[in-house]
Amino acid sequence: MDWDDLRDALNRTIQSVGGEITSPWFYMQFGVILVAAGLSLALGSSLRARFDVTSLTMGWPAPLRLLARTVMQRAGTIIFALLAEISRVVMVQTGLLYRGYVLSTAVNLATAWLIIRLATSVIRNEFVVRVVSIAAWAVAALSIIGRLDDVSSALDSISITIGTLRLTPLVLIKAGVLLAVAMWLVSAAGNFIEARIARSRDLTPSVQVLLIKLVRVALIVAAIAMVMSAVGIDLSAFALFSGAIGVGLGFGLQKIIANFISGVILLADKSVKPGDLVTIGDSTGKISSMNTRYISVAAGDGREILIPNEDLVTQRVINWTYTDKTMLVKVNFATNYEADPNRVCELAVDIARNTQNVATFKAPNCLLTEFAETGMKFALTFWVADLDVGMDNVRSNVMQGLWTAFKNENIRVPYPVRELRVRSGALPVETILEVPSDNSGPAGKPGAE
């Protein structure tokens, strides 16, 4: 179809519309449409205010509740279609109209809009619902008035050729609509498969994450390939760009590809997994999520540290919970030489044993490690049963228990005492000699003022 054919089709459409508008029966039908629209708005609002769909459909299956809610929301459209169709039938039967083309078109458009809104009610994204509804209704409207083939031919007549690839507005519109529908289906299928994989007891968390990401990538690639094939785009036409994409991946996107591959390796070898307590460089925290480019580490103070996957493969990583969630904790303390070391160790072991979250599979141990200048030094070691409660919290509870026990047993914790002596010269600050109240000097002699 060339530009002359497009111009002729447009002229025929204008002449048809002009002939319909000049007819006096057009204004009669248009008045009936306005009256039906006003009545449908009023009746629809009255029905929605009078009936509570949520309470009426209580206990119904979820699909039926959704259908009832959507029908109630579109009650005005249903009433308009019924009133317009009844008016058309009455006017045709009484001989006022021959066939009522305008009323019939209005009924068909309203019915098409109702069906489209019912079909899109399962979509949760409001923006997607509006785009899909408007696009589908536009196609339905063109089909109802008999101009869909003309518009399709006009959109297909304008093209841009790139090698063997022919792009037209019609192809782009079809590709966009089909791609949107395919991505929605991919999202729904991905969520369903993800839920099934997450419920599997035979798979570790890292394998579950790996399978979910592979399934989503495979679904997206398959959807894009099917959409291109559906609109008639030959995938071999993109072979020209494969070399440029490879060069771009090799130079500009090498870090992204490295992080992606590192993420796949981490998910496959299970060296780290969500929930592990890790130390990477100066960052320590629990892994909250693993993505294709980075992992998220919760530091415990509200921060989320995003660490590239490549760093976990190339750098030293301390995984505190690689095999289990227990950890050996060491508390160093000291006492004076007046204390009995046997009694000190006995108290320390008893306090650690009775502290909450200290493991019971291995008894705590206390050792005398050094006779220092200020006192005796000890090392208390015990195991934390679960690192989820916090290693520092358990250590703090044990140290508080030691302090309380030492106070009760009159065991002193040594601390450095410094004495300052001035051998010559004057003190750097002003000093005041206080005179005793009995007016006697330092040697017992009467003082002078």
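Residues numbered from 1 in each chain as written. Predicted model: local features only at pLDDT ≥ 70, side-chain atom pairs only at ≥ 80, totals over all residues. Heavy atoms only, no water.

**Q** Can you help me understand the nonpolar core in this one?
**A** Considering soluble globular proteins, one finds that nonpolar side chains tend to be buried as a cluster. Within the largest apolar cluster, 24 residues are counted, with the highest numbers of intra-cluster contacts made by Phe333, Val344, Cys366, Phe378, Leu380, Phe382 and Leu402. Among the elements that make up this core, the one with the highest residue count is helix α14 (residues 341-354) (7 residues). Not counting chain neighbours up to four residues away, the residues in contact with Phe333 comprise Val344, Ala348, Cys366, Met376, Lys377, Phe378, Leu380, Leu402 and Phe406. Counting residues in each nonpolar core, the second largest holds 14 residues, with Leu210, Leu267, Val278 and Ile295 among its members. (Core = buried A, V, L, I, M, F, W, Y, C linked by side-chain atoms within 4.5 Å. Buried < 20%, exposed > 50% of the residue type's maximum accessible area, 1.4 Å probe, protein only. Helix = DSSP H or I, 4+ residues; strand = E, 2+ residues; numbered from the N terminus. Contact = heavy atoms within 4.5 Å.)

**Q** Mind showing me how you'd approach the side chain of Thr279 here?
**A** Structurally, the position occupied by Thr279 is in strand β3 (residues 277-280). At a separation of 3.0 Å, a polar atom in the side chain of Thr279 contacts the side chain of Thr284. (Polar contact = N/O pair within 3.5 Å; in protein donor to acceptor, adjacent residues only side chain to side chain.)

**Q** Explain the packing of helix α6 (residues 101-119) against helix α7 (residues 126-144) here, please?
**A** Packed helix pairs are characterised by how far apart their axes lie and by the angle those axes make with each other. Contact geometry for α6 and α7: axes closest at 9 Å, N-to-C directions at 150°. When the axis of α6 is compared with that of α7, the two are roughly antiparallel. The two elements α6 and α7 meet at a crossing, and its hand is right-handed. For the pair α6 and α7, contact is made by Thr105, Asn108, Leu109, Ala112, Trp113, Ile116 and Arg117 and by Glu126, Val129, Ser133, Ile134, Ala136, Trp137, Ala140, Ala141 and Ile144, respectively. For the contact of α6 with α7, the per-class residue count stands at 11 nonpolar, 3 polar and 2 charged. (Axes fitted to C-alpha atoms, helices over the stretch in contact; angles between N-to-C directions. Parallel < 35°, antiparallel > 145°, perpendicular 65-115°, else oblique. Left-handed = near helix turned anticlockwise from the far one by under 90°. Nonpolar A, V, L, I, M, F, W, Y, C, P; charged D, E, K, R; others polar.)

**Q** What's the story with a nonpolar patch on the surface in this structure? I'm lost.
**A** On the surface, Ile257, Phe260, Ile261, Val264, Ile265 and Val313 cluster together to form a nonpolar patch covering roughly 440 Å² of accessible area. The dominant element in the nonpolar patch, judged by the number of residues it contributes, is helix α12 (residues 254-269), at 5 residues. (Patch = residues over 30% accessible without salt bridge, like charges linked within 9 Å, V, L, I, M, F, W, Y side chains within 5 Å. Areas by Shrake-Rupley, 256 points an atom, 1.4 Å probe, with all protein chains shown as cover. Salt bridge = Lys/Arg side-chain N within 4 Å of Asp/Glu carboxyl O.)

**Q** Would you take a moment to explain empty space enclosed by the protein for this structure?
**A** Where empty space is left can be seen by rolling a probe of water-molecule size over the atoms. One pass over the full model with this rule turns up 1 cavity of 30 Å³ or more. The computed volume of the largest cavity comes to approximately 60 Å³. Taken together, Leu210, Lys213, Leu214, Val217, Phe260, Gly263, Val264, Leu267 and Thr292 form the lining of the largest cavity. For the lining of the largest cavity, the secondary-structure elements that each account for two or more residues are α10 (205-230) and α12. Grouping the amino acids of the lining of the largest cavity by side-chain chemistry returns 6 nonpolar, 2 polar and 1 charged. (1 Å grid on protein atoms, 1.4 Å probe; cavity = no way out; pocket = protein on both sides within 12 Å on 5 of 7 lines; lining within 4 Å. Points joined across faces, edges and corners; volume = space filled by probe spheres on them.)

**Q** I keep staring at the sheet that holds strand β9 (residues 365-371) and nothing clicks. Help me out?
**A** The pairing of strands in a sheet happens through backbone hydrogen bonds and is either parallel or antiparallel. Pairing within the open sheet is antiparallel, and its 3 strands lie in the order β8-β10-β9. Each edge of the open sheet carries a strand with a single partner, namely β8 (327-335) and β9. Between one strand axis and the next, the sheet turns through 25° on average, direction left out of account. The sheet contact formed by β9 and strand β10 (residues 376-384) spans 6 bridges and is antiparallel. Paired with Phe371 across the two strands is Met376, which belongs to β10. Lying on the sheet, α14 is in contact with β8, β9 and β10; it crosses β10 at an angle near 20°. (Pairing = 2+ DSSP bridges.)

**Q** Just checking my understanding: could you explain the UniProt feature "transmembrane region" (unreviewed entry) in the chain for this structure?
**A** In the numbering used here, UniProt assigns the feature "transmembrane region" (unreviewed entry) to residues 25-45, 96-115, 127-148, 168-193, 214-233 and 239-267. When the span residues 214-233 is considered, its composition is 85% helix and 0% strand, and the gap between its end C-alpha atoms is 26 Å. (UniProt positions renumbered as here; feature names shortened; annotations may be inferred.)

**Q** Before we go on, may I ask you to explain the pattern of salt bridges in this structure?
**A** Opposite charge on two side chains allows them to pair when their charged atoms are near. As enumerated under the stated definition, the model contains 8 salt bridges in all. The closest approach of N and O atoms between Arg412 and Glu338, which form a salt bridge, is 3.7 Å. Note that Arg412 is positioned in the segment after α15 (391-408) and Glu338 in the loop between β8 and α14, a separation of 74 residues in sequence. Both residues of the pair, Arg412 and Glu338, count as exposed. Between Glu346 and Arg343 there is a salt bridge; the shortest N-O distance is 3.5 Å.

**Q** What's the story with the environment of Ala258 in this structure? I'm lost.
**A** Within the secondary structure, Ala258 is located in helix α12. Taking the C-alpha atoms as reference points, Ala258 and Asn309, 51 residues apart in sequence, are found 8.2 Å from one another.

**Q** Where do I start with the side chain of Thr355 in this structure?
**A** Here Thr355 shows up in the loop between α14 and β9. Take Thr355: its relative accessible area is 13%, and that puts it in the buried class. Among the polar contacts made by the side chain of Thr355, one reaches the main-chain carbonyl oxygen of Ile351 at a distance of 2.6 Å.

**Q** It is not clear to me how the packing of helix α5 (residues 75-93) against α6 should be interpreted in this structure. Could you clarify?
**A** Taken N-terminus to C-terminus, the directions of α5 and α6 make an angle of 155°; their axes are 9 Å apart at the nearest point. Looking at the two axes, α5 sits roughly antiparallel to α6. The interaxial crossing formed by α5 with α6 has left-handed handedness. For the pair α5 and α6, the contacting residues are Thr77, Ile78, Phe80, Ala81, Ala84, Glu85, Ser87, Arg88 and Met91 in the first and Leu103, Ser104, Ala106, Val107, Ala110, Thr111, Trp113 and Leu114 in the second.

**Q** Could you clarify how one ought to interpret unusual backbone geometry in this entry?
**A** Both trends apply: most residues other than glycine have a negative phi, and most peptide bonds are in trans. Positioned with a positive phi, Asn357 is a non-glycine residue whose angle comes to about 70°. Structurally, Asn357 is set in the loop between α14 and β9. For Asn357, a relative accessible area of 32% puts it in the partly exposed group. The phi dihedral of Asn410 falls on the positive side, at around 55°, and the residue is not glycine. Examined against the element boundaries, Asn410 turns out to sit in the segment after α15. Residue classification places Asn410 among the exposed residues on the basis of a relative accessible area of 69%.

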